[in-house]
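# Summary of the model geometry
Next come the chains, spelled out residue by residue.
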Amino acid sequence: MPSHPHDLLRRAIALAAEARAAGDPPFGSLLAGPDGAVIAEERNTTVTGADISAHPELKLARWAARELDPATAAATTMYTSCQPCQMCTGAIARSGLGRVVYALSDEQLAGLKPGGGWPDVPQEGPALYAEARVPVEGYY
Ligand SMILES: [Zn+2]
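These notes cover the structure that comes with them. (Residues numbered from 1 in each chain as written. Predicted model: local features only at pLDDT ≥ 70, side-chain atom pairs only at ≥ 80, totals over all residues.)

The next subject is the overall build of the chain. The number of helices and strands found in the chain is six helices and four strands. The linear arrangement of helices and strands in the chain, starting from the amino end, is α-β-β-α-α-β-α-β-α-α. Overall size of the chain, expressed as C-alpha extent along the three principal axes, is 55 × 40 × 25 Å. The buried share of the chain, reckoned over its 140 residues, is 26%. Counted over contacts in the chain with a minimum sequence separation of 6, partners at least 24 positions apart contribute 49%. (Helix = DSSP H or I, 4+ residues; strand = E, 2+ residues; numbered from the N terminus. Buried ≥ 20, exposed ≤ 12 C-beta atoms within 10 Å, placed from the backbone. Contact = placed C-beta atoms within 7 Å.)

Below, the discussion takes up the nonpolar core. In terms of nonpolar packing, the biggest core is built from 22 residues, with Ala12, Leu30 and Ala61 touching the most fellow members. Looking at this core, the elements that each hand over two or more residues are helix H1 (5–21), strand S1 (28–32), helix H2 (56–67), strand S3 (77–82) and helix H4 (86–95). Ranked by residues supplied to this core, first place goes to H1 with six residues. (Core = buried A, V, L, I, M, F, W, Y, C linked by C-beta atoms within 7 Å.)

Next up on the list: the environment of Ala110. Here Ala110 shows up in helix H5 (residues 106–112). Sequence separation between Ala110 and Arg10 is 100 residues, and the spatial gap between their C-alpha atoms is 20 Å.

A few words now on the pairing of strand S2 (residues 38–43). The pairing of S1 with S2 spans five bridges and is classified as antiparallel. Residue pairing in the sheet places Ala32 in a bridge with Val38 of S2. The hairpin formed by S1 and S2 contains five residues between the paired strands, and Gly36 there has a positive phi angle of roughly 85°. (Pairing = 2+ DSSP bridges.)

Moving on, we get to the sheet that holds strand S4 (residues 99–104). If you walk across this open sheet you meet the four strands as S2-S1-S3-S4, and the pairing is mixed. Two strands close off the open sheet at either side, each with one partner strand: S2 and S4. Across this sheet, the average inter-strand angle for adjacent strands is 15°, counted without regard to direction. As defined by bridge partners, S3 adjoins S4 across five bridges and the pair is classed as parallel. Each bridged residue has a counterpart across the sheet, and for Thr80 the counterpart in S4 is Tyr102. (Axes fitted to C-alpha atoms, helices over the stretch in contact; angles between N-to-C directions.)

Shown next as structure tokens:
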């Protein structure tokens, strides 16, 4: 059973290689408990699953939020082959996971990915505050 942080990152990197071999983008991630035991693994399946959100970090964040109690989630670390993207970072924050350890940084990935990055889609708002607040007010 791997327990050294670099062994856990190497397992995430191996999952990234598995994703690439299967025809998907090369990214892999896992969740480990405080003792270093692996409790869940995922790899990218955006191509083979025809799902733009099928990043391993997002799949694991959803799994953790569904399957782990808050204390267990907070004691769980995500090890991932690459720094999580903005989509996954938002999901990880909502999942209650306690920590993320990554191998490649965003900057290092950009150096390996010519023309990488995503366009900024224009957003317009706010609008219709009096109407839009009605279903929200009192919910929280
Ligand atoms: Zn992502």
